[in-house]
Amino acid sequence: VNLKGSLPLLILHTLRSRTQHGYQIVQEIKRRSAGVLDFKEGTLYPALHNLEQQGFVESYSETENGRVRRYYKLTERGRAQLDEQLAEWQRFSEAVQRVLGDA
Amino acid sequence: MSTSVNVELQLWLTAATRDVIPSVQERVRQEILDHFEMAVEAFLEAGMSADDAHQAALDDLGTPEAMAHALRAVYPHQRFFLRAAAVCQLFAALVIVRLLVERLLPRLIVEYTFLLILAQGPCLLLALHALTRLSLQQHRLERPLELVKSALMAWCGMTLIGGLIEGALPGVAAVALGLSVLLAMIGVVWGLAWFGRALRDTEALSTALKRWLRLLFNAGAAAVLGVLVIAVLNLVLPDKNGSFAAAAALIGAGGIVIYALLCASLTWTFVRAVRQ
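Described in the following lines is the structure provided in the data block.

Conventions we followed
- Residues numbered from 1 in each chain as written.
- Chains lettered and ligands numbered in written order.
- Predicted model: local features only at pLDDT ≥ 70, side-chain atom pairs only at ≥ 80, totals over all residues.
- Heavy atoms only, no water.
- Helix = DSSP H or I, 4+ residues; strand = E, 2+ residues; numbered from the N terminus.
- Buried < 20%, exposed > 50% of the residue type's maximum accessible area, 1.4 Å probe, protein only.
- Contact = heavy atoms within 4.5 Å.
- Areas by Shrake-Rupley, 256 points an atom, 1.4 Å probe, with all protein chains shown as cover.
- Expected span 1.5 Å × (residues − 1).
- Buried area = accessible area lost by both parts, 1.4 Å probe.
- Salt bridge = Lys/Arg side-chain N within 4 Å of Asp/Glu carboxyl O.
- Polar contact = N/O pair within 3.5 Å; in protein donor to acceptor, adjacent residues only side chain to side chain.
- Nonpolar A, V, L, I, M, F, W, Y, C, P; charged D, E, K, R; others polar.
- Patch = residues over 30% accessible without salt bridge, like charges linked within 9 Å, V, L, I, M, F, W, Y side chains within 5 Å.
- Phe/Tyr/Trp six-rings, centres within 6.5 Å; stacked < 30°, edge-to-face > 60°.
- Axes fitted to C-alpha atoms, helices over the stretch in contact; angles between N-to-C directions.
- Parallel < 35°, antiparallel > 145°, perpendicular 65-115°, else oblique.
- Core = buried A, V, L, I, M, F, W, Y, C linked by side-chain atoms within 4.5 Å.

What to know about the overall build of chain A
Turning to step 1, where the next piece is worked out: Along the backbone of chain A there are four helices and three strands.
Turning to step 2, where the next piece is worked out: When each of the 103 residues of chain A is scored for burial, the buried share is 43%.
Turning to step 3, where the next piece is worked out: Taking all contacts inside chain A whose residues are at least 6 apart in sequence as the whole, residues at least 24 apart take part in 45%.
Turning to step 4, where the next piece is worked out: For chain A, the exposed surface amounts to about 5900 Å²; the carbon and sulfur share of it is 50%.

Structure below.
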């Protein structure tokens, strides 16, 4: 399934419950969607950086076993954005459902 | 990791990050390498051979072109920074050369005014276009900045028309020049207001870059306005060597010098960043 446009929403939602690094975010999205939402993993990082630039997520680095790992967490602004996007998604999904239901 | 996969990953990273500035390259490389190693570990745990695990992790990353495209949408293109700075410098240099020629070799400027207008107009547009594109990568300002560009384009076009018909139809030429100045001023003021608001609101640009852009844009606008003031006074005052015109020329020249210095400094900053 093509994730274009929905990836930021999925990322924000994945980060709602806890701070995660990129690989964990990818795995979480794949696991929750039972593999249906499969995407090229490299493109996650530009999306994360974009969210960070907009102030929706924050990142910090930690060294674990000699490896520098960057973690991402949702900001208050990101939480508000997530709520807004979820509401919008809900409206969109209901509208599509109504159209399909008429068919 | 086998040598071929290692080389392939390095090539992937180079292709994916080639267009972004070095600090971003480093961050992306670090994240992708960490991601890749975790993916390989997971595949190994799932029972894959080492080579298959590396290949599968690499495949999961997608193509470097897709990554490069996605990064370009988030970060300003490093070659674009250089181009924008170079175009700004070219414009500033042309204006300064023209001012110097006006002062030192006034006879030459009469003979080559047409050529100078031809060169200066497109350079101004290119500089504005470069700055517009630079800002559009991070802001949603299409309409106001497009208006500035249109106004300046009209300015250049009408100045050119005015210059062409100056000898034959002086009255029409003066009206064309006056209108062009008015259009450009409206466009610049409108654009400045929007640009200033966007710079305050957005968190998209890094603080340093934001500071540079703000300085550059304000100085550039000051230079453009200075030149416009000169043009207006030259039209209004019959004695072009009067004190008002001289003061306006001084203000314009000051703005242009500041603009040129900032352009040079900005170029140096990016050249140094690219060389790192």
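Some remarks on the overall build of chain B
Turning to step 1, where the next piece is worked out: Along the backbone of chain B there are ten helices and zero strands.
Turning to step 2, where the next piece is worked out: Counting from the amino terminus, chain B carries its helices and strands in the arrangement α-α-α-α-α-α-α-α-α-α.
Turning to step 3, where the next piece is worked out: Per-residue burial for chain B yields a buried fraction of 44% across its 276 residues.
Turning to step 4, where the next piece is worked out: Long-range contacts, defined as pairs at least 24 residues apart, comprise 72% of the intrachain contacts of chain B with a sequence gap of at least 6.
Turning to step 5, where the next piece is worked out: When the accessible surface of chain B is summed, it comes to about 14400 Å², and 66% of that surface belongs to carbon and sulfur atoms.

What about helix 3 (residues 50-61) of chain B?
Since the α-helix packs 3.6 residues into each turn, any two residues three or four apart lie on the same face.
Residue and element names in this part refer to chain B.
Turning to step 1, where the next piece is worked out: The end-to-end C-alpha distance of helix 3 is 17 Å, a good match for the 16 Å that twelve residues give at a rise of 1.5 Å each.
Turning to step 2, where the next piece is worked out: Every buried residue of helix 3 is accounted for by Ala53, His54, Ala56, Ala57, Leu58 and Leu61.
Turning to step 3, where the next piece is worked out: Backbone geometry just downstream of helix 3 places Gly62 in the positive-phi region, at approximately 90°.

Observations concerning the interface of chain B and chain A
One frequent convention defines the size of an interface as the accessible area lost when the parts assemble.
Turning to step 1, where the next piece is worked out: Taken together, the contacts link 26 residues of chain B with 24 residues of chain A.
Turning to step 2, where the next piece is worked out: Between chain B and chain A, the buried area comes to about 2200 Å², and carbon and sulfur atoms account for 51% of it.
Turning to step 3, where the next piece is worked out: If you sort the residues of chain B by the area they bury against chain A, Arg27, Glu31 and His35 of chain B come out on top, with a joint share of 26%.
Turning to step 4, where the next piece is worked out: Put simply, chain B and chain A have five salt bridges between them.
Turning to step 5, where the next piece is worked out: The partner of Glu41 of chain B in a salt bridge is Arg67 of chain A, with the nearest N and O atoms 2.7 Å apart.
Turning to step 6, where the next piece is worked out: Where chain B meets chain A, there are twelve residue pairs in polar contact (both at pLDDT 80 or more).
Turning to step 7, where the next piece is worked out: Looking at the side of chain B that touches chain A, the elements with two or more residues in it are helix 2 (22-45), helix 3 and helix 4 (64-74) of chain B.
Turning to step 8, where the next piece is worked out: Among the elements that take part in the side of chain B that touches chain A, helix 2 of chain B stands out by supplying twelve residues, more than any other.
Turning to step 9, where the next piece is worked out: Residue composition of the side of chain B that touches chain A, grouped by class: 14 nonpolar, four polar and eight charged.

Here's the deal with a nonpolar patch on the surface
Turning to step 1, where the next piece is worked out: A surface patch of nonpolar side chains, about 410 Å² in accessible area, is lined by Trp89, Phe92, Val96 and Leu100 of chain A.
Turning to step 2, where the next piece is worked out: Structurally, the position occupied by Trp89 of chain A is in helix 4 (residues 76-102).

Side note on the packing of aromatic side chains
Residue and element names in this part refer to chain A.
Turning to step 1, where the next piece is worked out: This model, assessed by the stated rule, comprises two aromatic pairs over all chains.
Turning to step 2, where the next piece is worked out: Ring centres of Tyr60 and Tyr71 lie 5.8 Å apart, and the angle between their planes is 20°; on these two criteria the pair is classed as stacked. Remark: Tyr71 occurs in strand 3 (residues 67-74) and Tyr60 occurs in strand 2 (residues 57-64); sequence separation between them is eleven residues.
Turning to step 3, where the next piece is worked out: Judged by its relative accessible area of 12%, Tyr71 falls in the buried class.
Turning to step 4, where the next piece is worked out: Centre to centre, the rings of Trp89 and Phe92 are 5.7 Å apart; their planes meet at 40°, and the pair counts as tilted.

Considerations on the packing of helix 2 (residues 22-32) of chain A against helix 3 (residues 44-53) of chain A
Packed helix pairs are specified by the crossing angle of their axes together with the interaxial distance, meaning the distance between the axes.
Residues and elements named next belong to chain A.
Turning to step 1, where the next piece is worked out: Packing of helix 2 against helix 3 brings their axes to within 11 Å, and their N-to-C directions diverge by 110°. Classified by the interaxial angle, the pair formed by helix 2 and helix 3 is roughly perpendicular. Taken together, the residues of helix 3 that come into contact with helix 2 (itself represented by Gly22, Tyr23, Ile25 and Val26) are Leu44, Tyr45 and Leu48.
Turning to step 2, where the next piece is worked out: For the contact of helix 2 with helix 3, a count of residues per class yields six nonpolar, one polar and no charged.

So, the pattern of salt bridges
Turning to step 1, where the next piece is worked out: The final tally for this structure, using the stated rule, is 13 salt bridges over all chains.
Turning to step 2, where the next piece is worked out: Its salt-bridge partner being Arg27 of chain B, residue Glu52 of chain A comes within 2.6 Å of it at the nearest N-O pair. In this pair, Glu52 of chain A is assigned in helix 3 and Arg27 of chain B in helix 2, connecting two distinct chains.
Turning to step 3, where the next piece is worked out: For Arg27 of chain B, a relative accessible area of 17% gives the class buried.
Turning to step 4, where the next piece is worked out: Of the charged contacts, one joins Glu37 of chain B and Arg67 of chain A as a salt bridge, the two residues approaching to 2.8 Å between their closest N and O atoms. Here Glu37 of chain B is found in helix 2, whereas its partner Arg67 of chain A is found in strand 3 on a different chain.
Turning to step 5, where the next piece is worked out: Residue Glu37 of chain B is classed as partly exposed on the basis of its relative accessible area, which comes to 32%.

Description of the nonpolar core
Turning to step 1, where the next piece is worked out: Counting residues in each nonpolar core, the largest one holds 43 residues, and the members touching the most others are Ile11 and Leu44 of chain A together with Trp12, Ile32 and Met67 of chain B.
Turning to step 2, where the next piece is worked out: Every element with two or more residues in this core is listed here: helix 1 (7-17), helix 2, helix 3 and strand 3 of chain A together with helix 1 (3-17), helix 2, helix 3 and helix 4 of chain B.
Turning to step 3, where the next piece is worked out: Here the element with the most residues in this core is helix 2 of chain B; it accounts for eight residues.
Turning to step 4, where the next piece is worked out: When near neighbours in sequence (up to four residues on either side) are disregarded, Trp12 of chain B contacts Gly42 of chain A together with Ile32, Leu58, Leu61, Gly62, Thr63, Pro64 and Met67 of chain B.

Side note on the packing of helix 2 of chain A against helix 2 of chain B
Turning to step 1, where the next piece is worked out: Interaxial distance between helix 2 of chain A and helix 2 of chain B falls to 9 Å at its minimum, and their mutual angle equals 50°. When the interaxial angle is binned, helix 2 of chain A and helix 2 of chain B end up oblique. For the pair formed by helix 2 of chain A and helix 2 of chain B, the contact residues are Gly22, Tyr23 and Val26 of chain A on the first element and His35, Met38, Ala39 and Ala42 of chain B on the second.
Turning to step 2, where the next piece is worked out: By residue class, the composition of the contact of helix 2 of chain A with helix 2 of chain B is five nonpolar, two polar and no charged.

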